[in-house]
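# Architecture at a glance
Here is what each chain is made of, one letter per residue.
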Amino acid sequence: MDFAGLNYLAILVAAIAAFMFGAIYYGALGKPWMKAARIKPEEAKMEPALFITSFVAELIMAWVLAGVIGHLGAGQVTFWNGIVSGAFIWLGFMATTVAVNQRYEGFGWDLTLIDAGHWLGVALIMGGIIGLFGVLSV
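Residues numbered from 1 in each chain as written. Predicted model: local features only at pLDDT ≥ 70, side-chain atom pairs only at ≥ 80, totals over all residues. Heavy atoms only, no water.

The subject of this paragraph is the overall build of the chain. A tally of helices and strands in the chain yields five helices and two strands. The order of helices and strands in the chain, counted from the N terminus, is β-β-α-α-α-α-α. Structurally, the chain occupies a C-alpha span of about 50 × 30 × 20 Å along its principal axes. Counting all 138 residues of the chain, 35% fall into the buried class. For the chain, the proportion of contacts with a sequence separation of at least 24, taken over those separated by at least 6, is 79%. Approximately 8400 Å² of the chain is accessible, and the part contributed by carbon and sulfur atoms is 75%. Taking the 6 positively charged and 8 negatively charged side chains of the chain as two groups, their mean positions are separated by 12 Å. (Helix = DSSP H or I, 4+ residues; strand = E, 2+ residues; numbered from the N terminus. Buried < 20%, exposed > 50% of the residue type's maximum accessible area, 1.4 Å probe, protein only. Contact = heavy atoms within 4.5 Å. Areas by Shrake-Rupley, 256 points an atom, 1.4 Å probe, with all protein chains shown as cover. Lys, Arg positive; Asp, Glu negative; His and termini not counted. Charge placed at Lys NZ, Arg CZ, Asp CG, Glu CD.)

Printed below as a string of structure tokens:
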């Protein structure tokens, strides 16, 4: 189950939870997101490859976040440290990347707020789950 401090069950559960969060989040904000992204509903293509890519990317994100949280040291993989680590990763890498990319792509701040809000939820969910598994496995 654990190899080099990584709990692969925690990583899988974190990725699944984050994927489910995204489905709910964009399900609720689909219309404003499409408007902000300048996508006409009739032109939207929700192909299986998009969902597969999303899940694989979130699995990689959970794996990397588990490694970051694990670097805090023995006994430090906790729910709270997972939340804090997720928030820092979001602020330093996710929110900034989304903001820069969308500025160069010519999108408005409405799209950035929707997308960055999604990634904040993903980072917090993943960090919390990974941290919780760290506490449970002690």
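From this point on, the discussion continues.
When the terminal C-alpha atoms of helix H4 (residues 79–104) are compared, their 36 Å separation across 26 residues agrees well with the 38 Å that a helix rising 1.5 Å per residue should span. The complete set of buried residues in H4 reads Asn81, Gly82, Ile83, Ser85, Gly86, Trp90, Met94, Ala95, Val98, Ala99 and Gln102. Its buried side turned inward, H4 meets helix H3 (48–70) and helix H5 (109–136). Gly106 sits one or two residues past H4 and shows a positive phi near 80°. (Expected span 1.5 Å × (residues − 1).)

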